[in-house]
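Understanding the architecture of this molecule
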Amino acid sequence: MSAVATNGLIEGGGVYYMISRSLGPEFGASIGLMFTLANSIAVATYIIGFVNSLQDMLFFYMDGLVMLDGGLNDVRAIGTATLILLTLLGIVGMNWVTRVQIVLLFLLIGSQVDFVVGAFMGPPSDLSRARGFIGFNRELFLENIQQGFRWAEGTDQNLFSVFAVFFPAVTGIVAGANLSGDLK
């Protein structure tokens with residue numbers, strides 16, 4: 001990828017552009033279709049995760065508040081509204097996407113500061129302790145620092161099996177290439 005990226009101007013299309021230029025249009029088109037399908041499925045799962053988190057937040061922090069029925073119809077309604085909002089954001093252009101990302105950056109920074117402050121404050125009640133939040137605890141830290149992989153789904157899990165699931169979810173290895181057409 002770096003050889004293709006450094007040997008010429010990368011236009012819009014990001015990874016698809018690089019693949020089609022290096023492997024040819026036949027392979028580029030088939031890989032581009034799979035890439036589009038994979039991104040579509042990823043967006044769907046991200047939206048479902050967002051709605052499930054929103055449901056839990058409303059239920060636990062807003063005294064049992066539910067949107068419609070507290071179940072599948074909430075996921076459908078809020079998920080559809082979220083998808084429409086994201087589609088409109090994509091249609092209006094990269095300028096607005098960048099503006100929204102700056103707002104999201106500050107929200108993420110605020111949530112991380114909130115996490116650290118809350119961890120130092122410790123659990124505010126017995127209910128928090130019962131739910132598993134105990135703050136900083138030396139004994140728990142020493143217990144958790146050791147490996148604790150378990151037998152699951154017919155195989156003995158290890159660092160690599162857990163890493164294989166976690167790594168693709170957080171890397172964003174092609175994020176820069178996907179924005180290559182918008183860079184100046």
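Note that the structure is a prediction, hence the values are computed from the model and not measured.

Here's the deal with the packing of aromatic side chains
Evaluation of the coordinates by the stated rule reveals 2 aromatic pairs. Taking the centre distance of 5.4 Å and the plane angle of 80° together, the rings of Phe-59 and Phe-60 count as edge-to-face. By relative accessible area, which is 46% here, Phe-60 ends up partly exposed. Centre to centre, the rings of Phe-120 and Phe-136 are 5.1 Å apart; their planes meet at 55°, and the pair counts as tilted. In this pair, Phe-120 sits in helix 5 (residues 94-121) while Phe-136 sits in the loop between helix 6 (126-130) and helix 7 (138-144), placing the two residues 16 residues apart along the sequence.

Quick look at the packing of helix 3 (residues 25-61) against helix 4 (residues 72-92)
Taken N-terminus to C-terminus, the directions of helix 3 and helix 4 make an angle of 125°; their axes are 9 Å apart at the nearest point. What the angle tells us is that helix 3 and helix 4 run oblique. The handedness of the crossing between helix 3 and helix 4 is right-handed. Across the interface between the two elements, Val-43, Ile-47, Ile-48, Phe-50, Val-51, Asn-52, Leu-54 and Gln-55 of helix 3 pack against Asp-74, Val-75, Ile-78, Gly-79, Thr-82, Leu-83 and Leu-86 of helix 4. For the contact of helix 3 with helix 4, a count of residues per class yields 10 nonpolar, 4 polar and 1 charged.

A closer look at the side chain of Thr-82
Relative to the elements of secondary structure, Thr-82 occurs in helix 4. Residues within four places of Thr-82 in sequence aside, it is in contact with Ile-47 and Phe-50.

Remarks on helix 3
Look at helix 3: 52 Å from first C-alpha to last across 37 residues, which is about the 54 Å you get at 1.5 Å a residue. What helix 3 keeps buried is the set Gly-28, Gly-32, Ile-47, Val-51, Gln-55 and Leu-58. Of the residues one or two after helix 3, Asp-63 is the one with positive phi, at around 55°.

A closer look at the side chain of Gln-55
Along the polypeptide, Gln-55 turns up in helix 3. Once you skip the residues sitting within four places of it in the chain, Gln-55 turns out to touch Met-67, Gly-70, Gly-71, Asp-74 and Val-75.

Details of a nonpolar patch on the surface
Among the surface-exposed residues, Met-57, Phe-59, Phe-60, Tyr-61, Met-62, Leu-65 and Val-66 lie close enough to one another that they form a single nonpolar patch of about 740 Å² accessible area. Looking at where Phe-60 falls in the secondary structure, it is placed in helix 3.

Cut-offs applied
Residues numbered from 1 in each chain as written. Predicted model: local features only at pLDDT ≥ 70, side-chain atom pairs only at ≥ 80, totals over all residues. Heavy atoms only, no water. Phe/Tyr/Trp six-rings, centres within 6.5 Å; stacked < 30°, edge-to-face > 60°. Buried < 20%, exposed > 50% of the residue type's maximum accessible area, 1.4 Å probe, protein only. Helix = DSSP H or I, 4+ residues; strand = E, 2+ residues; numbered from the N terminus. Axes fitted to C-alpha atoms, helices over the stretch in contact; angles between N-to-C directions. Parallel < 35°, antiparallel > 145°, perpendicular 65-115°, else oblique. Left-handed = near helix turned anticlockwise from the far one by under 90°. Contact = heavy atoms within 4.5 Å. Nonpolar A, V, L, I, M, F, W, Y, C, P; charged D, E, K, R; others polar. Expected span 1.5 Å × (residues − 1). Patch = residues over 30% accessible without salt bridge, like charges linked within 9 Å, V, L, I, M, F, W, Y side chains within 5 Å. Areas by Shrake-Rupley, 256 points an atom, 1.4 Å probe, with all protein chains shown as cover. Salt bridge = Lys/Arg side-chain N within 4 Å of Asp/Glu carboxyl O.

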